Structure formats: C-alpha cells, structure tokens
Amino acid sequence: MKNVKKEKNTKLFLHLKKWMEKAILDFQMIEEGDRLLVGVSGGADSFALLNLLDSPMIFTPKFYLIAVNIDMGFDITYSGYNTLEKYLQENNYRYVMEKTDIGLLAHSDYNRKNPCFLCSRLRRRRIFEIAASEGCNKIAFAHHRDDIIETLLINMFYGREISTMMPNQKIFGGKLHIIRPLAYLREELIKKYQRERFFPTVENNCPTSKKSRRMYVKNLLNELARENKNIRDNIFKAMSHVKPDYLLPLQKKK
Ligand code: SF4
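Visitor: Explanation requested: the packing of helix H6 (residues 145-159) against helix H9 (residues 231-238) in the structure shown.
Guide: The relative placement of two packed helices comes down to the angle between their axes together with the axis-to-axis distance. Across the interface, H6 lies against H9 with an axial gap of 10 Å and an inter-helix angle of 75 degrees. Taken together, the axes of H6 and H9 lie roughly perpendicular to each other. Packed against H6, whose contacting residues are Arg145, Asp146, Ile148, Ile149, Leu152 and Leu153, the element H9 presents Arg232, Asp233, Ile235 and Phe236 at the interface. Looking at side-chain class alone, the contact of H6 with H9 contains six nonpolar, no polar and four charged residues.

Visitor: Could you clarify how one ought to interpret the nonpolar core in this entry?
Guide: Grouped together as the largest cluster of nonpolar side chains are 50 residues, with contacts concentrated most on Val38 and Leu53. If near-sequence neighbours (up to four positions away) are discounted, Val38 is found in contact with Leu49, Leu50, Leu53, Leu65, Ile66, Ala67, Val68 and Ala140.

Visitor: When you look at the sheet that holds strand S6 (residues 176-179) in this model, what are you seeing that I'm missing?
Guide: Read from one edge to the other, the open sheet built from six strands follows the order S3-S2-S1-S4-S6-S5, with strand pairing classed as mixed. Every other strand in the sheet has two partners, leaving strand S3 (95-99) and strand S5 (168-171) as the edge strands with one partner each. Averaged over all adjacent pairs, the angle separating strand axes in this sheet is 25 degrees, with direction ignored. Pairing of strand S1 (residues 35-39) with strand S4 (residues 138-140), which is carried by three bridges, proceeds in the parallel orientation. Paired with Leu36 across the two strands is Lys138, which belongs to S4. Along the sheet face, helix H3 (residues 79-90) touches strand S2 (64-71) and S3 and points at about 170 degrees away from the line of S3. Where helix H5 (residues 115-133) meets the sheet, it contacts S1, S2, S3, S4, S5 and S6, and its direction lies at approximately 145 degrees from that of S2.

Visitor: In this structure, what is going on with unusual backbone geometry? I would like to understand it.
Guide: The backbone of Gln28 shows a phi angle near 45 degrees, a positive value even though the residue is not glycine. Here Gln28 lies in the loop between helix H1 (11-26) and S1. On the basis of relative accessibility, which here comes to 63%, the residue Gln28 falls in the exposed class. Positioned with a positive phi, Phe198 is a non-glycine residue whose angle comes to about 55 degrees. Within the fold, Phe198 resides in the loop between helix H7 (187-197) and helix H8 (213-225).

Visitor: How should I be thinking about H5 in this particular structure?
Guide: For an α-helix the count is 3.6 residues per turn, leaving residues at separations of three or four pointing the same way. Its 19 residues place the ends of H5 27 Å apart at the C-alpha level, agreeing with the 27 Å of an ideal helix rising 1.5 Å per residue. Every buried residue of H5 is accounted for by Pro115, Leu118, Cys119, Leu122, Ile127, Phe128, Ile130 and Ala131. Gly135, located one to two residues past H5, shows a positive phi value of around 65 degrees.

Visitor: I tried to follow the pattern of salt bridges on my own but got confused; where do I start?
Guide: Should their charged atoms come close, side chains of opposite charge can pair. Scanning all chains against the criterion turns up 17 salt bridges. Note that Lys138 is salt-bridged to Glu31, the shortest N-O span being 3.1 Å. One end of the pair, Lys138, is in strand S4; the other, Glu31, is in the loop between H1 and S1, and 107 residues separate them in sequence. A residue is classified by how much of its surface remains accessible, and Lys138, at 2% relative accessible area, is buried. Notably, a salt bridge pairs Glu98 with Arg126, separated by 2.5 Å at the nearest N-O pair. Of the two residues, Glu98 sits in strand S3 while Arg126 sits in helix H5, which places them 28 residues apart along the sequence. Connected through salt bridges with shared partners, the residues Asp45, Asp147, Glu150, Glu187, Lys191, Arg214 and Lys218 form a single ionic network.

Visitor: Honestly, the packing of aromatic side chains in this entry has me stumped. Any pointers?
Guide: Aromatic rings in a pair are described by how distant their centres are and how their planes are angled relative to each other. One pass over the structure, following the stated rule, counts 12 aromatic pairs. On the numbers, 6.4 Å between centres and 70 degrees between planes, the contact of Phe157 with Tyr158 is edge-to-face. The class for Tyr158 is partly exposed, based on a relative accessible area of 36%. Through pairs of rings, three or more aromatic residues link up here, namely Phe13, Phe47, Tyr87, Tyr93, Tyr193 and Phe199.

Procedures and definitions
- Residues numbered from 1 in each chain as written.
- Predicted model: local features only at pLDDT ≥ 70, side-chain atom pairs only at ≥ 80, totals over all residues.
- Heavy atoms only, no water.
- Axes fitted to C-alpha atoms, helices over the stretch in contact; angles between N-to-C directions.
- Helix = DSSP H or I, 4+ residues; strand = E, 2+ residues; numbered from the N terminus.
- Parallel < 35°, antiparallel > 145°, perpendicular 65-115°, else oblique.
- Contact = heavy atoms within 4.5 Å.
- Nonpolar A, V, L, I, M, F, W, Y, C, P; charged D, E, K, R; others polar.
- Core = buried A, V, L, I, M, F, W, Y, C linked by side-chain atoms within 4.5 Å.
- Buried < 20%, exposed > 50% of the residue type's maximum accessible area, 1.4 Å probe, protein only.
- Pairing = 2+ DSSP bridges.
- Expected span 1.5 Å × (residues − 1).
- Salt bridge = Lys/Arg side-chain N within 4 Å of Asp/Glu carboxyl O.
- Phe/Tyr/Trp six-rings, centres within 6.5 Å; stacked < 30°, edge-to-face > 60°.

This is the structure:
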C-alpha cells in the first residue's frame with residue numbers, strides 16, 4: 001500500500017489526518033496486524049479514506065489494507081469502473097473489483113421496496129464474503145461525520161428509532177468489525193481534499209441517488225444551517241449527550 005506519487009503534506013491533509021487518527025484512537029478501530037478491507041465506491045469520500053489510510057500514521061499500529069469495489073451495474077460502458085481500476089493500479093494498491101447487477105436488481109420489478117434497502121443489503125453481503133476470502137477482520141467504510149448526522153435523522157424520521165452508524169461496530173459476534181475512520185471529518189473538507197489531490201471523478205449513475213431519503217435529509221439540514229450554522233455540530237454532539245431520564249420509557253419495537 002505505497003503510493004507512487006510523493007504527496008505534499010498540506011495544511012488540509014494534516015488536519016484530516018489528525019482527526020482521522022483521533023477517531024481511530026478514540027474508538028480503538030485498528031490494532032497491530034489487522035487486515036482491513038477498504039470499501040471504495042469511487043466517491044470522493046472513499047478516495048480520501050484510501051489515501052489517508054495509506055499515508056504514514058503516528059499513533060496507529062501497522063496494518064494490511066486491500067481496496068474493494070463492488071460495481072452496481074448502472075453504467076454499461078464501465079467508464080467509472082475503468083477510471084477507478086486505473087487509479088488503483090497507478091497507485092500500487094492491492095484491490096478486488098467486481099462487476100455486479102445489484103443496482104439494477106434493486107430497481108427492478110422484483111423489488112417492490114425502497115431500492116436502497118435491497119441494494120445496500122446485497123452489496124454489504126458481497127463485501128462480507130470478500131472480507132472472508134481475503135482474510136480481513138475489519139471493513140473500513142468512508143462514512144463521515146455528515147453521514148452519521150444524517151443517518152440519525154433518517155432513522156428517526158423513517159425508522160422510528162434513535163440510532164446511527166457506529167464508528168466501530170462488532171458483527172458476527174466480534175469476528176468482524178465495521179470501522180468508520182472518517183467519523184470526525186466533515187463532508188465539505190473531504191470534497192476540498194478531493195480537489196486538492198485531484199482524485200478522479202467517478203459518476204454515481206444510480207437513479208435513486210439524487211432523490212433518496214439521505215438527499216432529502218441533507219437538503220433539509222442545509223436549509224436549517226442557513227439560520228443556525230451550528231446545527232450539524234449540535235446534532236453530532238447531542239449523540240454523546242443523551243439523557244435517558246428525559247426520554248420516553250423504552251418500548252419493544254412493533
Ligand atoms: S442510492 Fe442507489 S446505489 Fe446508493 S444505496 Fe440507494 S439504490 Fe444503492
């Protein structure tokens with residue numbers, strides 16, 4: 001996992017790196033000898049995650065890294081797939097890329113539910129299988145601070161529960177962990193980093209991506225932030241300041 005290109009340690013790079021390492025330490029995400037599968041969708045967030053994890057760490061122990069991309073089958077020309085593969089090869093990453101029709105299936109008559117539900121379920125299942133075949137014990141996703149905030153609201157608005165993505169989540173009885181090293185990083189700074197590093201642009205051709213629940217919540221937060229610029233910070237901090245005595249008694253989910 002060594003970059004061919006020598007990259008400058010800009011102020012933005014050092015800032016992102018510092019906060020990523022802080023999240024890794026705070027949530028004990030990485031231990032010596034871990035084998036990380038890094039999910040790379042081709043979005044700015046995933047390029048930033050791969051790039052930051054691949055740079056020298058100060059406090060994080062040594063680990064192995066492999067990039068994994070599941071192509072959803074939306075682009076029949078595979079131009080995004082090819083762009084991503086070229087980037088991974090040029091930068092000497094170990095990688096697995098797989099062409100699937102998961103996205104098409106999720107939007108077909110076969111699926112009458114919200115496409116995102118089936119799509120993310122099938123993609124995640126395939127990622128778990130690849131993690132097992134590559135001997136990886138941790139899966140790193142590029143979800144950032146804004147994703148965590150939006151997920152809290154999505155789960156409240158549509159799922160009738162108060163929950164979000166955890167920065168370090170045990171699954172299968174602790175045999176596998178899902179980790180989110182970008183948990184403290186803001187989306188706008190990640191996008192800025194994409195421009196600074198000239199990461200390639202891989203279009204998301206999913207017809208649902210522009211009208212998903214996440215997009216609705218993102219737009220709503222942008223709207224609210226016009227009046228209260230601290231709104232995202234306040235929601236993020238509120239997740240660590242929970243007062244159970246001032247909530248309703250717990251009920252079994254119906
Ligand atoms: S927005 Fe599209 S690609 Fe993303 S989870 Fe939903 S259906 Fe899948």
